[in-house]
Amino acid sequence: MERLQVTFGHLSTTASQSDQQTVLTCEAAAKRFPDSPDDVVIISARRTPIAKGNRGSFKETFPDDLLVPVFKAVLQEANVAPQDVQDICVGNVGDPRPAVSARTGQFFSGIPETTPIHSTNRQCSSGLQACMNIAGAIKTGQIDLGIGAGVESMTMHRNTSSTVPINPAVFDHDLARQVLIPMGITSENVAEKYGITREEQDKFALLSQQRAGKAQQTGAFNREIVPVTTKVTDKDGNEQTITVTKDEGPRPTTLEKLLKLKPAFKEGGSTTAGNSSQVSDGAAAVLMARRSEAKRRGMKVFGVIRGYAVVGCPPDIMGIGPAVAIPELLRKTGLTIDDIDVFEINEAFASQAFYTVQKLGIPSEKVNPVGGAIALGHPLGCTGARQIATLLHELERRGKRAFGVVSMCMGTGMGAACLIEYPGPA
């Protein structure tokens, strides 16, 4: 397991009477975790729109082409020259040549060959792990400025794993055999083991759709999304150039409609297409720096990474990952559920996300306030980096210093959780 802990930031002690309770809480945190020039800070976090897999606007867009707009956006927003980037890590799950796609995407973005790059695969947390790899390099003094990113074209790489032979010994070892259980069946296992009903899952899914739809209508995603111009072939074989500006997943629905959907993975089961994450394509990037380097460059700090935890869990109920990772993160950082303003918990399936919220006693209004993967989509390697962008822009809209958590489950049985601070308006 990988761990990353960094210190809390300095806070202003001036505020209005209505903010007094918040100030007292912030002052207590600041005393316990004083500011440090070695803090790992986030300067910019942007993402592409998320397109529907197999039939959406990015169905013919290569993953390296998806990386280009987000690489360019974070550099432009921070006024950083491409050659100043000291390292890049890109999370990806399905690409059979992830290192090649990352490197060519880098070059297409104008980042020179002198900047090293690597890829990482920790299943559904790959985008978050990429960011933590760069954060770790900054924390240990290897670099002062780098980019963590994630990308996934589930359209192009949907069947690569099925062609790889499996060690026959796996079938003779109980835990190893569980790693092969399809994700949809692990969702059914969670629902059965913890008594989560079909209606509870569909209500959770409906709320995700409603929140994402409202956020889209009010323009809440506009600042985090980078428009992508790409090419797509229509049903008549004509190629046309389009610019994608919004997520394709959110859709109006009702509880009645969701309850009518058939189980997708098991006869008599409760996991459906309506209460599962969507197959999607997309990319995201997060520009990070050492606080002292950000100060030297006159950069505005958008966020601060405060802690990270990865914890293993049984593979056959891999969806409970956030329910074990979040408590470990809070234990390490000395915080409680009450100290966190927003939890971005990946909705791989409603069963596992609902279980996490219920198990940890997280108020519903704190969880995925602008919707999650059920509504927005879950491009596997992209999601963790996308969640960071969504979290920080949501906290920015709230306009005060606050803490947020990004968390997800992972195939093969793990959970990850990252604590991020929004420092408040400059």
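Here, the structure is the one placed above.
Throughout this description, residue numbers start from 1 for each chain and increase along the sequence as written. At least 70 in pLDDT is required for a residue's local features to be given in this predicted model, at least 80 for side-chain atom pairs to be given and counted, and no such filter applies to totals for whole chains, interfaces and linings, which use all residues. Working from all heavy atoms in the structure, the side-chain values ignore hydrogens and water.

(A) Here's a closer look at the packing of helix 6 (residues 183-193) against helix 11 (residues 350-360). Orientation is described by lines fitted to C-alpha atoms, with helices fitted over the stretch in contact, and by angles between N-to-C directions that extend from 0 to 180 degrees. Think of it this way: any DSSP run of H or I at least four residues long counts as a helix, any run of E at least two long counts as a strand, and we number them from the N terminus. Contact geometry of helix 6 with helix 11 gives a least axis separation of 8 Å together with a crossing angle of 40 degrees. On the basis of the axis angle, helix 6 is oblique to helix 11. Crossing hand, helix 6 versus helix 11: left-handed. Contacts between helix 6 and helix 11 involve Ser187, Val190 and Ala191 from the former and Ser351, Gln352 and Tyr355 from the latter. An angle below 35 degrees is treated as roughly parallel, one above 145 as roughly antiparallel, one from 65 to 115 as roughly perpendicular, and anything else as oblique. A crossing counts as left-handed when the near helix is turned anticlockwise from the far one by less than a right angle, and as right-handed when that turn is clockwise. Contact criterion: two residues are considered in contact whenever any of their non-hydrogen atoms come within 4.5 Å of each other.

(B) Geometry of unusual backbone geometry. Phi at Asn54 is positive, roughly 75 degrees, even though this residue is not glycine. Residue placement: Asn54 occurs in the loop between strand 3 (51-52) and helix 2 (63-78). Residue exposure (1.4 Å probe, protein chains only): buried if accessible area is under 20% of the type maximum, exposed if over 50%, otherwise partly exposed. In this structure Asn54 comes out as partly exposed when scored by relative accessible area, which is 40%. A positive phi angle, near 55 degrees, is found at Gln123, a position not held by glycine.

(C) Geometry of helix 13 (residues 383-398). Here the expected length of a helix is defined as 1.5 Å per residue gap, with one fewer gap than residues. Taking 1.5 Å per residue as the helical rise, helix 13 with its 16 residues ought to reach 22 Å, and the 22 Å between its terminal C-alpha atoms agrees with that figure. Burial analysis of helix 13 places 14 of its 16 residues in the buried class, the great majority of the element. Gly399 lies just past helix 13 and shows a positive phi near 80 degrees.

(D) The nonpolar core, seen in detail. Membership of the largest hydrophobic core comes to 37 residues, with the highest contact counts inside it found for Ile42, Leu128, Val286, Met288, Ile305, Ile388 and Ile420. Of the residues forming this core, the biggest block, eight residues, is contributed by helix 4 (residues 126-139). With residues near it in sequence (within four places) discarded, Met288 still touches Val40, Val41, Ile42, Cys131, Ile134, Ala135, Ile138, Asp144, Leu145, Gly146, Gly148 and Ile305. Of all hydrophobic cores here, the second largest spans 35 residues; its members include Ala191, Cys313, Leu330 and Ala350. Within this scheme, the nonpolar core is defined by two criteria: the residues are buried Ala, Val, Leu, Ile, Met, Phe, Trp, Tyr or Cys, and they are joined through side-chain atoms within 4.5 Å.

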